[in-house]
Amino acid sequence: MSTVTARRRASRQEARSRTGARGRGSALSGTGTMLRLVLRRDRIMLPAWILIFVASAYGSASATVGLYPSVASRVSAATTSNATPAIVALYGKVLDPSSVGGLATIKLTVLGAVLVAVLMILTVVRHTRAEEEAGRIELMRAGVLGRAAPLAAALVVAVGASVVLGLLTALGLVAGGLDVAGSFAFGLLWALVGMSFAAVAALLAQVTESTRTATGLAMSALAVAFVLRALGDSAPEGSWRGGLSWLSPLGWGQQLRPFGDERWWVAVVPLAFTALVAGGAHALVGRRDLGGGLVRPRPGPARAAPRLRSPLVLAWRLQRGGFAGWLTGFVLLGLILGGMASSVGGMLESDAARDMITTMGGVDGLTDAFLGTEVGVAGLLAAAYGISATLRLRSEETALRAEPVLATSVTRTAYAASHLVIAFLGSAVLLVGMGVGAGLTHGAGSGDVGGGVASLLGAALVRLPAVWLLVGVAVALHGLAPRLVLGAWVALVASMLLGEFGAVLGLPESAQQLSPFTHIPSLPGGEMAWIPVVVLTVIAVALTAAGIAGYRRRDLA
């Protein structure tokens, strides 16, 4: 009897083992099909982005080789850059002053890596949480599709795109005249940063139920990584703050030390991080319901308050959390940059410093040049917020939440205006917060708080027409060509590349003029010009009006 019982137990255990093996295997069933679907959907966007990154790297390399032909000129410029904590905090250090590669990639090392991280975050969230929120994965799961297949496909595409981007960037730098070892270390830097934040986005897509929440948390993680790296890079020699760079994926990339004494072994750290975080995301897939997140949102009241009958109040309630985060970041950014500006002013007598910062897009006065450059970056970030707030119209429409609202007495014009008011006014408030924050700390350092606030507030607000023009592009695409609405992000990136990197890349003046930010008066320190401000505002109004008119006439998604 005992032998029969033992055989039965062994048979049951073997059956459970086979069932478990089939269950584990089925979690990835259909990954190949999902991979082909993801590649098909991104067949234009990903190659276009990769081409932009590679072209920027090649252009920067080829332009800088001619800009600093002698070792003495390179050492002078690199020493000036490394001696300015503000520049080091924003762009990192030039590790080998005699190498042209460090100067050629000074802006691309950190800011380029940040943009690569943003691209991978958006790619992963788009093909995981956004697909679940739209209900498309539920339809596909009715067939032979494993629970983890969409996540696996998104990660394979994001990691593969990071590797291809890094390899092509390295080849572009070599073609631009930089040394091979440093070029491939730089390409590896970009690839590892992209892989790390792709894994972070995959994990957060399992934790939250909302696409916007997952994207916002991933962007917040990127912001924290940037701050930790900035604090670590700008720390004095021997300070404990120098170790903060090792807590940041951006810092890990820089620890590879491209165009310095390359340390290839550092790549093990981000690779291990990517594997662990991606493995955690895979483990969480089976611990939550389809369409839900690991953290359930708090249910709201059963009956809405009377004030929510207004579409504007409803739009504000939907976007207030994100706006609060953006505003906090802008104010903190202004406070930090205003305090840093005093370190630039001490180098007014250095010709190398003047040449360096002027090349980066400044004006004659070094302090004003630094502040003007960073306020310009804040303008690009404000445009990113405005585009994001505008595209909430598209996400509400595709998620079928706009249709019930429009089935009431709310007109399409009123519904669109409710979100656009937040996009346009919100971007203005962000620039005001940044200008006031920078003016307070810079004015406190110079002894003129009122003058500092007035100067930097004006410098921030003068960028507003260019910001609104890019928001107007998003509105026009949403109303006239909704399938191309992501082109608003392409316009933003193109404006950044042409405006921020155009001079460094040696692009012709006609190409640089395509960015609306190149027409903005150079404040603080420059002269105010009202004609370009008025023209940009009129164009923004025309694009917005065209977008609203198109939205009134077309069918809903």
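Residues numbered from 1 in each chain as written. Predicted model: local features only at pLDDT ≥ 70, side-chain atom pairs only at ≥ 80, totals over all residues. Heavy atoms only, no water.

Turning our attention to the overall build of the protein. Counting secondary structure elements, the protein contains 25 helices and zero strands. Within the protein, the fraction of its 557 residues that count as buried is 47%. Within the protein, residue pairs in contact and separated by at least 24 positions form 76% of the contacts whose partners lie at least 6 positions apart. Of the accessible surface of the protein, which amounts to about 24,900 Å², a share of 65% is contributed by carbon and sulfur atoms. (Helix = DSSP H or I, 4+ residues; strand = E, 2+ residues; numbered from the N terminus. Buried < 20%, exposed > 50% of the residue type's maximum accessible area, 1.4 Å probe, protein only. Contact = heavy atoms within 4.5 Å. Areas by Shrake-Rupley, 256 points an atom, 1.4 Å probe, with all protein chains shown as cover.)

This structure, assessed with the given rule, holds 10 aromatic pairs. Ring geometry for F186 against W190: centres 5.0 Å apart, planes inclined by 50 degrees, an arrangement best described as tilted. Taken as a pair, F186 and W190 lie in helix α11 (residues 180-207) at a separation of four residues, close to a single helical turn. In this structure, F186 and W190 share a single accessibility class: buried. (Phe/Tyr/Trp six-rings, centres within 6.5 Å; stacked < 30°, edge-to-face > 60°.)

Once that is clear, we can look at the nonpolar core. In this structure, W190, Y415 and L431 are the most contacted members of the largest nonpolar core, which totals 118 residues. At 13 residues, α11 tops the list of elements feeding residues into this core. When near neighbours in sequence (up to four residues on either side) are disregarded, L431 contacts F330, A378, G379, A382, A460, L464 and V467. Grouped together as the second largest cluster of nonpolar side chains are six residues, A77, Y91, V94 and I106 included. (Core = buried A, V, L, I, M, F, W, Y, C linked by side-chain atoms within 4.5 Å.)

Here the focus is the environment of L380. With respect to the helices and strands, the residue L380 is situated in helix α17 (residues 366-398). According to the relative accessible area criterion, L380 is buried, its value standing at 10%. Each C-alpha atom of the pair L380 and R463 lies 9.0 Å from the other, and the pair is 83 residues apart in sequence.

What follows deals with the pattern of salt bridges. Two side chains carrying opposite charge are able to pair once their charged atoms lie near each other. For the structure shown, the criterion picks out eight salt bridges. Its salt-bridge partner being D42, residue R126 comes within 2.3 Å of it at the nearest N-O pair. Highlighted residues: R126 in helix α7 (residues 106-127) and D42 in the loop between α2 (31-41) and α3 (45-67), separated in sequence by 84 residues. We classify R126 as partly exposed; its relative accessible area is 22%. Of the residues examined, D42 reaches a relative accessible area of 2% and is grouped as buried. The partner of R394 in a salt bridge is E397, with the nearest N and O atoms 3.7 Å apart. One end of the pair, R394, and the other, E397, are both in helix α17, three residues apart, so they sit about a helical turn from each other. Taken individually, R394 and E397 each receive the classification buried, so the pair is uniform in this respect. A network of salt bridges, in which partner residues are shared, links R392, E396 and R401. (Salt bridge = Lys/Arg side-chain N within 4 Å of Asp/Glu carboxyl O.)

What follows concerns helix α4 (residues 71-82). Its 12 residues give α4 an end-to-end C-alpha distance of 16 Å, which sits within 8% of 16 Å, the value for a rise of 1.5 Å per residue. Every buried residue of α4 is accounted for by R74, A77, A78, T80 and S81. When α4 is viewed along its axis, its buried side chains cluster within an angular range of 160 degrees and face the same direction. (Expected span 1.5 Å × (residues − 1). Arc of directions from axis to C-beta.)

Our focus in this paragraph is unusual backbone geometry. We note that R257 has phi near 55 degrees; this positive angle belongs to a residue other than glycine. Summarising the element assignment, R257 is placed in the loop between α13 (249-254) and α14 (268-285). Unlike most non-glycine residues, F259 shows phi in positive territory, near 60 degrees. Its place among the elements puts F259 in the loop between α13 and α14. With relative accessibility at 3%, the residue F259 sits in the buried group.

Let us now look at a nonpolar patch on the surface. Residues V164, L167, L168, L171, V180, F184 and W264 make up a contiguous nonpolar surface patch of roughly 610 Å² in combined accessible area. Of all the elements, helix α10 (residues 149-175) adds the most residues to the nonpolar patch, at four residues. Examined against the element boundaries, L171 turns out to sit in helix α10. Assessed through its relative accessible area of 43%, L171 is described here as partly exposed. (Patch = residues over 30% accessible without salt bridge, like charges linked within 9 Å, V, L, I, M, F, W, Y side chains within 5 Å.)

This next bit is on the packing of helix α21 (residues 464-480) against helix α25 (residues 530-553). One can describe the packing of α21 onto α25 by two numbers: an axis separation of 7 Å at closest approach and a directional angle of 20 degrees. The angle between α21 and α25 places the two elements in the roughly parallel class. With respect to the hand of their crossing, α21 and α25 are arranged in left-handed fashion. Where α21 abuts α25, its residues P465, A466, W468, L469, G472, V473, V475, A476, H478, G479 and L480 lie against V533, L536, T537, I539, A540, L543, T544, A546, G547, I548, G550 and Y551. Per-class residue counts for the contact of α21 with α25 are 16 nonpolar, seven polar and no charged. (Axes fitted to C-alpha atoms, helices over the stretch in contact; angles between N-to-C directions. Parallel < 35°, antiparallel > 145°, perpendicular 65-115°, else oblique. Left-handed = near helix turned anticlockwise from the far one by under 90°. Nonpolar A, V, L, I, M, F, W, Y, C, P; charged D, E, K, R; others polar.)

Below, the discussion takes up α10. If you check α10, its first and last C-alpha atoms are 39 Å apart, about what 27 residues at 1.5 Å a residue would give, namely 39 Å. Remark: G177 follows α10 within two positions and exhibits a positive phi of approximately 110 degrees.

It is at 8 Å that the axes of α7 and α11 come closest, and there the two elements cross at 35 degrees. Note on packing geometry: the crossing formed by α7 with α11 is right-handed. Of the residues in α11, those touching α7 at L108, T109, G112, A113, V116, A117, M120, I121, V124 and V125 are F186, L189, W190, V193, G194, F197, A198, A201 and A202. Grouping the amino acids of the contact of α7 with α11 by side-chain chemistry returns 16 nonpolar, three polar and no charged.

Moving on: the environment of F424. Take F424: it is sitting in helix α19 (residues 412-446). With a relative accessible area of 14%, F424 lands in the buried category. Note: C-alpha distance between F424 and A389 (35 residues apart in sequence) is 8.8 Å. In this view, F424 contacts W468, V471, G472 and T544; residues no more than four positions away in its chain are not counted.

Looking at the protein, the pLDDT average stands at 79 and 83% of residues meet or exceed 70. Highest mean pLDDT in the protein belongs to α21 (92); lowest belongs to helix α1 (residues 2-26) (49). Across residues 14-25, confidence stays below pLDDT 50; counting only partners more than four residues off in sequence or on other chains, it has zero contacts. Confidence drops under pLDDT 50 across residues 360-364; counting only partners more than four residues distant or on other chains, this segment forms 16 contacts. (pLDDT = per-residue confidence, 0-100.)

Right, let's talk about the environment of G172 for a bit. Residue placement: G172 occurs in helix α10. Under the relative-accessibility criterion, G172 is labelled buried at 9%. Taking the C-alpha atoms as reference points, G172 and A55, separated by 117 residues in sequence, lie 7.4 Å from one another.

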